[in-house]
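Chain and residue survey
Each chain is listed here by its residues.
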Amino acid sequence: METTRKFERFDPTTPIFGYFELTKEVTGEFRNREEFLIKNISVGGFNLISNYPPAIGNPYQVFINYGQEKHEFQIKVVHSRILRFQGQPESVLRPGVVYSSGCEIGYENEVQKSLVLEIIKNDCGYPAPAGSGL
């Protein structure tokens, strides 16, 4: 039996591997001051939730709020989609369309990589062991 898709499937421009879901809120902003939440993080990239629709394939300068500082990163958006319609303001998100965007990190130094590893270590939940029933 052959099925057809209602919408064409778009594959990301680069493969996306394992990630860690944040248990604490980590925010940031694009260079144009549009704010976002980091939902998932890996050594290779971020999954950002925002009201801003970044263009797939474009590089962006972003600032991650962590500790008492803003940390600058260069990212490339590898996929973006509409996540939901937000009725009420929540955290840094305004009412309206909310986008989920997958981003690849373009590391410029070891400090950036150390920061990502620190966020993963301190602010992410780890999956329950297999067979735990959770």
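For every chain, the first residue of its written sequence is number 1, and the numbers climb from 1 along that sequence. Side-chain atom pairs in this predicted model are given and counted only at pLDDT of 80 or more, local residue features only at pLDDT of at least 70, and totals for whole chains, interfaces and linings cover all residues. Side-chain numbers come from the whole structure's heavy atoms, not from hydrogens or water.

1. A short note on the environment of N32
Keep this limit in mind: Here a helix means four or more residues in a row that DSSP labels H or I, a strand means two or more in a row labelled E, and each is numbered from the N terminus. By the criterion applied in these results, polar contacts are pairs of N or O atoms within 3.5 Å in which, for protein atoms, one can donate a hydrogen and the other can accept it, and in which residues neighboring in sequence qualify only through two side-chain atoms.
When you line up the elements, N32 lands in the loop between β2 (27-30) and β3 (35-41). A polar contact of 3.1 Å, which involves the side chain of N32, links it to the backbone nitrogen of E34.

2. Observations concerning the pattern of salt bridges
Our working definition: Think of a salt bridge as a Lys or Arg side-chain nitrogen and an Asp or Glu carboxyl oxygen that are within 4 Å of each other.
All told, the structure shown has four salt bridges when counted by the stated rule. Note that E34 is salt-bridged to R94, the shortest N-O span being 3.1 Å. Taken together, the residues span a long stretch of sequence, with E34 in the loop between β2 and β3 and R94 in the loop between β6 (69-86) and β7 (96-105) at a distance of 60 residues. Through salt bridges with shared partners, one network takes in E29, R33 and K70.

3. Some details on the nonpolar core
A general trend in soluble globular proteins is that nonpolar side chains are found buried together. Note the cut-off: Nonpolar cores were defined as sets of buried Ala, Val, Leu, Ile, Met, Phe, Trp, Tyr and Cys residues, with membership established by side-chain atoms within 4.5 Å. In this scheme, a residue with accessible area under 20% of its type's maximum is buried, one over 50% is exposed, and one in between is partly exposed, where area comes from a 1.4 Å probe on protein chains only.
Core analysis: the biggest nonpolar cluster contains 23 residues, and I38, I41, F46, I64, F73 and I75 have the highest contact counts within it. Counting only elements with at least two residues in this core, the list comes to β3, β4 (45-50), β5 (59-66), β6, β7 and α1 (110-123).

4. Looking at the pairing of β4
Counted only if it meets this: Note on pairing: DSSP must find at least two bridges between two strands before they are called paired.
By the criterion of burial, β4 is predominantly enclosed, with six of the six residues buried. Taking every second residue as pointing to the same face, both faces of β4 are buried, with G45, N47 and I49 on one and F46, L48 and S50 on the other. Where β3 and β4 come together, five bridges link them in antiparallel fashion. The partner of N40 across the bridge, within β4, is N47. Where β3 hands over to β4, the hairpin turn is made up of three residues, counted between the paired strands. Bridge count between β4 and β7: six bridges; the pairing is antiparallel. Bridging across to β7, N47 finds its partner in G102.

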